[in-house]
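# Summary of structural features
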Amino acid sequence: MEFSQVLADNTNIIIAKWVVAVREDRQIESADDLSYTAIKNHIPDVFKAMVTVLSQSQESDIKSIVTASWQHGLLRAEQGFDPSEIAREYRLLRKVIFDTIEADLLQGTPAEIIRYMRLIDAVIDEAIARCFHSYVGERLRELEHLQASLALHNEELTRLVTSNEDKLSQLAHELKHPLTAIIGYSDLFLRQQRREIARRDNTVNIEHIERVLRNGRHLLRLINNVLELSRYEAGKIQLQSAPISIRDLINNVCEMLEPLAAEKNLSILVNWVQAPSEIITDGFQLQQVITNLVSNAIRYTDSGNISIVCEIVDDQKWAIAVSDTGIGIAEKDQTKIFEPYFRVSSKDRPYLPDSTGLGLAIVARLVKLLQGEIYLVSKEGIGSTFTVTLPLKLKT
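These lines cover the structure that appears in this document, whether it is placed above or below.

Reading the values: the criteria
- Residues numbered from 1 in each chain as written.
- Predicted model: local features only at pLDDT ≥ 70, side-chain atom pairs only at ≥ 80, totals over all residues.
- Heavy atoms only, no water.
- Pairing = 2+ DSSP bridges.
- Helix = DSSP H or I, 4+ residues; strand = E, 2+ residues; numbered from the N terminus.
- Phe/Tyr/Trp six-rings, centres within 6.5 Å; stacked < 30°, edge-to-face > 60°.
- Buried < 20%, exposed > 50% of the residue type's maximum accessible area, 1.4 Å probe, protein only.
- Axes fitted to C-alpha atoms, helices over the stretch in contact; angles between N-to-C directions.
- Contact = heavy atoms within 4.5 Å.
- Parallel < 35°, antiparallel > 145°, perpendicular 65-115°, else oblique.
- Left-handed = near helix turned anticlockwise from the far one by under 90°.
- Nonpolar A, V, L, I, M, F, W, Y, C, P; charged D, E, K, R; others polar.
- Expected span 1.5 Å × (residues − 1).
- Core = buried A, V, L, I, M, F, W, Y, C linked by side-chain atoms within 4.5 Å.
- Bend = angle between axes of the 7 residues up to and from the residue.
- Polar contact = N/O pair within 3.5 Å; in protein donor to acceptor, adjacent residues only side chain to side chain.
- Salt bridge = Lys/Arg side-chain N within 4 Å of Asp/Glu carboxyl O.

## Notes on the pairing of strand β4 (residues 305-312)
Pairing of strand β2 (residues 267-274) with β4 involves 6 bridges; the strand directions are parallel. Each residue of the ladder has a partner; that of Ile268, found in β4, is Ile306. Where β4 and strand β5 (residues 317-324) come together, 7 bridges link them in antiparallel fashion. Bridge pairing links Glu311 to Ala319 in β5. The antiparallel pairing of β4 with β5 creates a hairpin that spans 4 residues between the two strands.

## A closer look at the packing of aromatic side chains
Inspection of the entire model under this criterion finds 1 aromatic pair. Judged by centre distance (6.1 Å) and plane angle (75°), the rings of Phe338 and Phe386 are edge-to-face. Separated by 48 residues along the polypeptide, Phe338 in the loop between β5 and α12 (359-369) and Phe386 in strand β7 (residues 383-391) bring together distant segments of the chain. Side by side, Phe338 and Phe386 carry an identical accessibility label, which is buried.

## Quick notes on unusual backbone geometry
Positive phi, close to 60°, is recorded for Asn265, a residue that is not glycine. Its identity as a non-glycine residue notwithstanding, Gln371 has a phi of 65°, on the positive side. In this fold, Gln371 is placed in the loop between α12 and β6 (373-379).

## So, the sheet that holds β5
Spatial strand order, β2-β4-β5-β7-β6: 5 strands in an open sheet with mixed pairing. Two strands in the sheet have a free side with no partner beyond their single neighbour: β2 and β6. Adjacent strand axes in the sheet meet at a mean angle of 15° when their direction is disregarded. Packing of helix α10 (residues 246-263) onto the sheet brings it into contact with β2, β4 and β5, and relative to β2 it is tilted by some 170°. The strands that helix α11 (residues 283-299) touches are β2, β4, β5, β6 and β7; relative to β5, the one it contacts most, it runs at about 20°.

## Describing the pairing of β7
For β7, the buried fraction is high: 7 of the 9 residues fall into the buried class. Taken together, the 7 bridges between β5 and β7 define a ladder with antiparallel strand orientation. Residue pairing in the sheet places Val322 in a bridge with Phe386 of β7. Bridge count between β6 and β7: 7 bridges; the pairing is antiparallel. Across the sheet, Ser378 pairs through a bridge with Ser384, a residue of β7. Connecting the antiparallel pair β6 and β7 is a turn made up of 3 residues, with Gly381 showing a positive phi of about 80°.

## Examining the packing of helix α2 (residues 11-24) against helix α4 (residues 43-54)
Direction vectors running N to C along α2 and α4 enclose 135°, while the axes themselves pass 11 Å from each other. Relative to α4, the element α2 lies oblique. Between α2 and α4 lies a crossing of right-handed hand. Note on element contacts: α4 touches α2 through Ile43, Pro44 and Phe47, opposite Thr11, Ile14, Ile15 and Trp18. Per-class residue counts for the contact of α2 with α4 are 6 nonpolar, 1 polar and no charged.

## A look at α4
Think of an α-helix as turning once every 3.6 residues; residues three or four places apart then point the same way. With 12 residues, α4 extends 16 Å from end C-alpha to end C-alpha; this agrees with the ideal 16 Å at 1.5 Å per step. Of the residues making up α4, those classed as buried are Ile43, Val46, Phe47, Ala49, Met50, Val51, Val53 and Leu54.

## Some thoughts on the nonpolar core
Core analysis: the largest hydrophobic core is formed by 44 residues, its most contacted members being Phe3, Leu7, Ile14, Trp18, Tyr90, Ile97 and Ile101. If you tally residues by element for this core, the top one is helix α7 (residues 110-163), at 11 residues. Ile14 has contacts with Leu7, Phe47, Leu93, Val96, Ile97, Thr100 and Ile101, leaving out every residue within four places of it along the chain.

## Things to note about α10
Here α10 contains 18 residues, and its C-alpha end-to-end distance of 26 Å stays within 8% of the 26 Å for a straight helix at 1.5 Å per residue. Roughly 45° is the biggest bend found in α10, and it falls at Leu257, with proline Pro259 one to four residues downstream. For α10, the set of buried residues is Ile246, Leu249, Ile250, Val253, Cys254, Leu257 and Ala261. As for α10, its buried residues are in contact with β1 (242-244), β2, β3 (279-281), α11, β4 and β5.

## Notes on the side chain of Ser323
When you line up the elements, Ser323 lands in strand β5. Among the polar contacts made by the side chain of Ser323, one reaches the side chain of Thr385 at a distance of 2.8 Å. In contact with Ser323, not counting residues within four places along its chain, are Asn305, Ile306, Ser307, Ser384 and Thr385.

## Considerations on the packing of α11 against α12
Two numbers describe how α11 lies on α12: the axes approach to 9 Å, and their chain directions differ by 145°. Considering how the two elements wind past one another, α11 and α12 form a crossing that is left-handed. Every residue of α12 that contacts α11 at Gln285, Gln288, Val289, Asn292, Leu293 and Asn296 is listed here: Gly359, Leu360, Ile362, Val363, Leu366 and Val367. Classifying every residue of the contact of α11 with α12 by side-chain character gives 7 nonpolar, 5 polar and no charged.

## A word on the environment of Asn265
Along the polypeptide, Asn265 turns up in the loop between α10 and β2. Sequence spacing of Asn265 and Asp302 is 37 residues, and the spatial spacing of their C-alpha atoms is 8.3 Å.

## A few points about the pattern of salt bridges
Counted by the stated rule, this structure contains 6 salt bridges. Here Asp121 ties to Arg94 by a salt bridge, and the two come within 2.8 Å at their closest N and O atoms. With Asp121 in helix α7 and Arg94 in helix α6 (residues 83-105), this residue pair connects regions lying 27 residues apart in the sequence. According to the relative accessible area criterion, Asp121 is partly exposed, its value standing at 27%. Of the charged contacts, one joins Asp99 and Lys95 as a salt bridge, the two residues approaching to 2.9 Å between their closest N and O atoms. In this pair, Asp99 and Lys95 both sit in helix α6, 4 residues apart, roughly one turn of the helix. Its relative accessible area of 47% is what places Asp99 among the partly exposed residues. Overall, the relative accessible area of 52% leaves Lys95 in the exposed class.

None of this, on its own, says anything about what the molecule does.
Encoded structure:
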């Protein structure tokens, strides 16, 4: 029986069934928002290589699987898949293959059945190994880029801390935990790589890399916020005024933050029926204001929705309001909300670990720079509304 031909004839059926299985598997959440093509990506190439391998007389000849599975790992890293999700993809592929060709397989002799089952297992195992190898490589490249970015900020951060002694203890507290994790896990990863360079199972190492990147991203966000605040305080932010489509700008913000909201099953509702068609302002700084307000609303909301309302106030001003159905802000804290390093908490919920306490401080300063004003209305357990009023035309 030429079993490789059976697989070749069933290629489209197996791949279609596999894509459906991946979509329906609740443990592969990263595939939820991907298109059919994005999920399929290099699997047809992996499958074609598998057919080629199965048609060879030498069972160890698996060179044709390398390129396809390598590219699959790179793409999954870019798409944000976890290692466990990639491993589950291949387990599903193995299951779909055997389910589809079971009847044909049973027509062979016992020796043929055993041989081809072993071959399929060997090929899939090799594909997983190659896929994980490229996945690790992509994560290492991201880590190297992150380390380079941190190094560039180091000198300016040192100067900033020196000139702000009163904030030193607060800043040191924020930097301590993620920085300790970066150092610890990086050291552990490097030592394990030196000892176990030949091992095929990289799952533990991948988990270490993910922890390093997660803590590194938080640290870099904190540093960027501190530096942004310092640039404002030093008067180094120069506005670039230009005509801006407010609808396009809000669309960009919503598209960027939609995955963050989707993770918490929150919807972002936008009402711009009475919005100005065009304003003249600094689009980059305005986008930063809206992005910070919406991301902050998502961060402190567990259920419900985020609402964005944009409208003309009069012939000189317009306003944008960002509302949430989150934890709200106690009245005693509302006067402190725009102070640097202040973070909202409640009796049932301490402040979030990934909060820097700088987002709203930056927003308040940028709004002032854009010649506007910001107002807060909030009630604990009900939610908050931040309203920003700005001129239709920025005065230069």
